[in-house]
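Architecture and fold: a report
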Amino acid sequence: MTYEQALINAGSAFLLHKMVESKELYKITRGVYSRVKYPDPLVLTHVLYPEAVITMDSALHAYGMTDVIPDEIHIATSRSSTRITKQEYKQYFTEETFLNPGAINVERDEGTVRMYNRERLLVEVMRRQASLPLDYYKEIIISYRKIINELDITLIEDYMTLFKKNNFMFEILQREVL
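Residues numbered from 1 in each chain as written. Predicted model: local features only at pLDDT ≥ 70, side-chain atom pairs only at ≥ 80, totals over all residues. Heavy atoms only, no water.

1. Re helix 6 (residues 118–127)
- Most of helix 6 sits inside the fold, with 8 of its 10 residues counted as buried.
- Along helix 6, the positions that sit buried rather than exposed are Glu119, Arg120, Leu121, Leu122, Val123, Glu124, Val125 and Met126. (Buried < 20%, exposed > 50% of the residue type's maximum accessible area, 1.4 Å probe, protein only. Helix = DSSP H or I, 4+ residues; strand = E, 2+ residues; numbered from the N terminus.)

Structure, rendered in structure tokens:
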């Protein structure tokens, strides 16, 4: 939670300080507090960067599409956003019009996370397939084949039409996923 939320919870700055001392709350970083000592990194990311969207490796792992635990938290931000210099983040700058389609709030054990839905995530994987290791890409595609009946194909096609040169994505969808 943010400092403001923690302050409202505690009632006053003095009581907030006492809660931190008694380990009812933990100060994670400047302006961020948690009820647990080691919060979910994705929830922490949402608190630190509320406009960012969890994407690629981090979202794929969160959805169980891969068992590869990412070394960094992958987030998409608008092109006008400030560069995130923390080493634990991999930032993808995205046009403002492309950032929000498919972004949803997902409830996790410790809070809310803003990430792309599985349909939009598939489009992101197809867009970046040339830069992904082949075995990792195959693992993701196999995971999508297993859940293809749960996906909204029309929604995937709508997301693909947002991007230029989307014909290759339609081919990938037909050839490799469906």
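Having put the structure on the table, let's press on.
2. Remarks on the pattern of salt bridges
- Applying the stated criterion across every chain yields a total of 8 salt bridges.
- Between Lys18 and Glu21 there is a salt bridge, with the nearest N and O atoms lying 3.6 Å from each other. One end of the pair, Lys18, and the other, Glu21, are both in helix 2 (residues 13–21), 3 residues apart, so they sit about a helical turn from each other.
- For Lys18, a relative accessible area of 39% translates into the label partly exposed.
- We note a salt bridge from Asp40 to Arg108, for which the minimum N-O separation is 2.7 Å. Taken together, the residues span a long stretch of sequence, with Asp40 in the loop between strand 2 (32–34) and helix 3 (41–48) and Arg108 in strand 6 (residues 103–108) at a distance of 68 residues.
- Look at Asp40 and you get buried, because its relative accessible area is 12%.
- Here the residues in one salt-bridge network are Arg120, Glu124, Arg127 and Arg128, joined through shared partners. (Salt bridge = Lys/Arg side-chain N within 4 Å of Asp/Glu carboxyl O.)

3. Some thoughts on the layout of surface pockets
- The computed volume of the largest pocket comes to approximately 290 Å³.
- Asp40, Pro41, Leu42, Glu72 and Ile73 are the residues nearest the centre of the largest pocket, which is lined by 20 residues in total.
- Ranked by residue count, the leading element in the lining of the largest pocket is helix 3, at 5 residues.
- If you add up the space inside the second largest pocket, you get close to 210 Å³.
- Lining the second largest pocket, in full, are Met1, Gln5, Val32, Tyr33, Ser34, Arg35, Val36, Pro39, Val43, Leu44, Val47 and Glu110.
- Of all the secondary structure elements, the ones that give two or more residues to the lining of the second largest pocket are strand 2 and helix 3.
- Classifying every residue of the lining of the second largest pocket gives 8 nonpolar, 2 polar and 2 charged. (1 Å grid on protein atoms, 1.4 Å probe; cavity = no way out; pocket = protein on both sides within 12 Å on 5 of 7 lines; lining within 4 Å. Points joined across faces, edges and corners; volume = space filled by probe spheres on them. Nonpolar A, V, L, I, M, F, W, Y, C, P; charged D, E, K, R; others polar.)

4. A look at the packing of aromatic side chains
- Taken as a whole and assessed by the stated rule, the structure comprises 3 aromatic pairs.
- A cation sits over an aromatic face here: Arg120 above Tyr116, 4.3 Å from the ring centre. (Phe/Tyr/Trp six-rings, centres within 6.5 Å; stacked < 30°, edge-to-face > 60°. Lys NZ or Arg CZ within 6 Å of the ring centre and 35° of its normal.)

5. Some thoughts on the packing of helix 6 against helix 8 (residues 153–161)
- Two elements in contact, helix 6 and helix 8, have axes separated by 9 Å at closest approach and are oriented at 45 degrees. The orientation of helix 6 relative to helix 8 falls into the category oblique. Regarding helix 6 and helix 8, the two cross each other, and that crossing is right-handed. When helix 6 is examined against helix 8, the residues Glu119, Arg120, Leu122, Val123 and Met126 are found in contact with a partner set consisting of Leu155, Ile156, Tyr159 and Met160. (Axes fitted to C-alpha atoms, helices over the stretch in contact; angles between N-to-C directions. Parallel < 35°, antiparallel > 145°, perpendicular 65-115°, else oblique. Left-handed = near helix turned anticlockwise from the far one by under 90°. Contact = heavy atoms within 4.5 Å.)

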